[in-house]
Amino acid sequence: MDASILFALLLALFIPILLHLVIRHKYSSYNLPPGSLGFPLIGQSISLLRALHSNTDYQWYQDRIKKYGPVSKMSVFGSPTVFLTGPVANHFVFSNQDLIFTQTKAVNALMGRSILTLSGEELKQVRSVLQGFLKPEMVAKYIWKMDEEVKRHIDLNWVGNKTVTAALLAKRLTFNIICSVVFGQGAGPIREALVTDFATMIKATLSIPVNIPFTKFNKGLTTSHRIRNLLRRIAREREAALQQGLCSSDDDFFTYMLSLRSEGVHSLTVEDIVDNAIVLLTAGYETSSVLITFLLRYLANEPDILSKITEEQDEIAWNKRPNEPLTWDDVSRMKYTWKVAMETLRTTSPLFGSFRTALKDIEYQGYHIPKGWQIFTAQTVTHLDAKYFEDPNKFDPARFGNQSSIPPYCFVPFGGGPRMCPGNEFARSETLVAMHYLVRQFRWKLCCKEEGCRRDPMPNPVLGLPIELETRTPPEHPRS
Ligand code: HEM
């Protein structure tokens, strides 16, 4: 054997042993959870990324739980990490004051000074203004934009086509909606330029944070810089338009934030507003598009559920004038459709987990978690646990008929506690508006029944969900 290969093998064997001894010495008085930290920096990252990529992450978690129990240590995305599972763990992760909301090192580098990376008073201020913009009363004001974007998108991309690639279109749609709400930009070259850059940046959020040319992380940094420059320019233009009275505070996220700043409600700079706009554009695009994609996929195989949704949507349409946009009240009446969406979120959660960092040494179920370590909980583990959801692999929206029967912290697609997703009402509204028009206008079949999925980091059908379309003529009101 070549001496250099032998040396590399010895190193590969030696480093984890050395690391194990160092950790054992450093934390000799700690009762650390079972498990290994693996190779420095890399740890179990590659193995977890591979599992996410091949959509076998649920099995990966189960194998870990079987081997080490519900609390174990490992090292992912550059940090020593304690992996916790179950509703008690979810509650602990979402509500413990000594755990701070952290992102992977890659996210910190890519997202700037935003709600995702701030803490203390600065975080309180940012979260409060973002919540203000995403709260139901505000969504009710701009839901017409969602309606307009959905109708335009369907006319341009669905009508007249025999087959479409649904996942790609869903991404395009949710990206257009969030762009329209964040900076009011009509369809055009700016959206075109941003959409590819966002896809590259999102892929980089789960990369190993070493800035070497041509790596995912390096490409992510370059595109995040480009996105920031473009949004900074738009923010300045919106600021000028606002000062000249050419637009109002309710027009979009930029004008809303800039107006609040001039009223002294917050002290965020244009740079801060741009960084938070990047978070909104990122958080509000692939998450909802995954939900729409998998709703379409499940409904292709569930004719009874599709016909109940259609009944609900036809009823809503019959109470409106032709072409009248959907309102907040209309969306609030789409109760059955939302149950189907929740079942979709349970079975295919857009986010695979939540990460926090321990601010100080803490204890969980008799184990010590050292200060600075990462804590990671995976939502799919409780979502697919037969203890909380009977026959968990069955697609059954009826289980959301009585939501109080679902124990707390078992169904957490939007997280929980003080950092729960502030965009949940936004996501609900855009998904329901999209489903209203799709379900009334089309019937569809999967082109590939056995199409697999992968997470990168969001789940996606590998071929992008090609579907065969048939036009449906919505029926007249039976009493008209
Ligand atoms: C189906 C769609 C969505 C899902 C499943 C989802 C899920 C989540 C989850 C689980 C978290 C918390 C993560 C944690 O605790 O570790 C989160 C945070 C967040 N989401 Fe969503 N989200 C969705 C849509 C949206 C939309 C449409 C927006 C904005 C328009 C948005 C904005 C945010 C923001 C800003 C945060 C960070 C909150 C904070 O740092 O305090 N999300 N989301």
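In the block above lies the structure referred to throughout.
The shown structure was predicted, so the numbers you read here are calculated from the model rather than taken from an experiment.

Considerations on the nonpolar core
- Of all hydrophobic cores here, the largest spans 109 residues; its most connected members are Ile178, Val182, Phe253, Phe254, Ala277 and Leu295.
- Looking at this core element by element, the count peaks at twelve residues for helix 8 (residues 166-183).
- Each residue touching phenylalanine 253, except ones within four places of it in the same chain, is listed here: Phe133, Val181, Val182, Phe183, Ala277 and Leu280.

Details of unusual backbone geometry
- The amide bond that connects aspartate 456 to the next residue, proline 457, takes the cis arrangement and shows omega of -5°.
- For proline 457, the position within the fold is in the loop between strand 10 (453-455) and strand 11 (459-461).
- Notably, glutamine 365 is not glycine yet its phi reads approximately 50°, a positive angle.
- Along the polypeptide, glutamine 365 turns up in the loop between strand 6 (362-364) and strand 7 (367-369).

Quick notes on the site of the ligand
- In the neighbourhood of the ligand, 25 residues make up the surrounding shell, with Gly284, Ser354, Gly415, Cys421 and Gly423 lying closest.
- Within the residue set of the shell around the ligand, elements represented by two or more residues are helix 6 (120-134), helix 12 (270-283), helix 13 (286-300) and helix 18 (424-441).
- A breakdown of the residues in the shell around the ligand according to their chemical character gives 17 nonpolar, six polar and two charged.

Remarks on the sheet that holds strand 9 (residues 442-446)
- Read from one edge of the open sheet, three strands run 4-12-9, paired in antiparallel fashion. The two strands at the open ends of the sheet, each matched to only one other strand, are strand 4 (163-165) and strand 9. Along the sheet, successive strands turn relative to each other by an average axial angle of 35°, direction set aside.
- Where strand 4 and strand 12 (residues 466-471) come together, three bridges link them in antiparallel fashion. Residue pairing across strands places threonine 163 opposite glutamate 468, the latter belonging to strand 12.
- Helix-sheet contacts for helix 8 involve strand 4 and strand 12, and the interaxial angle to strand 4 is about 60°.

Some points on the pairing of strand 5 (residues 354-358)
- Burial of strand 5 is one-sided: the residues Ser354, Arg356 and Ala358 facing one way are buried, the residues Phe355 and Thr357 facing the other way are not.
- Relative to strand 5, strand 3 (residues 99-101) runs antiparallel, the two being bridged by three bridges. Paired with phenylalanine 101 across the strands is arginine 356, a residue of strand 5.
- Sheet topology places strand 5 next to strand 8 (residues 374-377); four bridges connect them, and they run antiparallel. Looking across to strand 8, one finds that serine 354 is bridged to threonine 377.

About the criteria used
Residues numbered from 1 in each chain as written. Predicted model: local features only at pLDDT ≥ 70, side-chain atom pairs only at ≥ 80, totals over all residues. Core = buried A, V, L, I, M, F, W, Y, C linked by C-beta atoms within 7 Å. Buried ≥ 20, exposed ≤ 12 C-beta atoms within 10 Å, placed from the backbone. Helix = DSSP H or I, 4+ residues; strand = E, 2+ residues; numbered from the N terminus. Contact = placed C-beta atoms within 7 Å. Near = placed C-beta within 6 Å. Nonpolar A, V, L, I, M, F, W, Y, C, P; charged D, E, K, R; others polar. Pairing = 2+ DSSP bridges. Axes fitted to C-alpha atoms, helices over the stretch in contact; angles between N-to-C directions.

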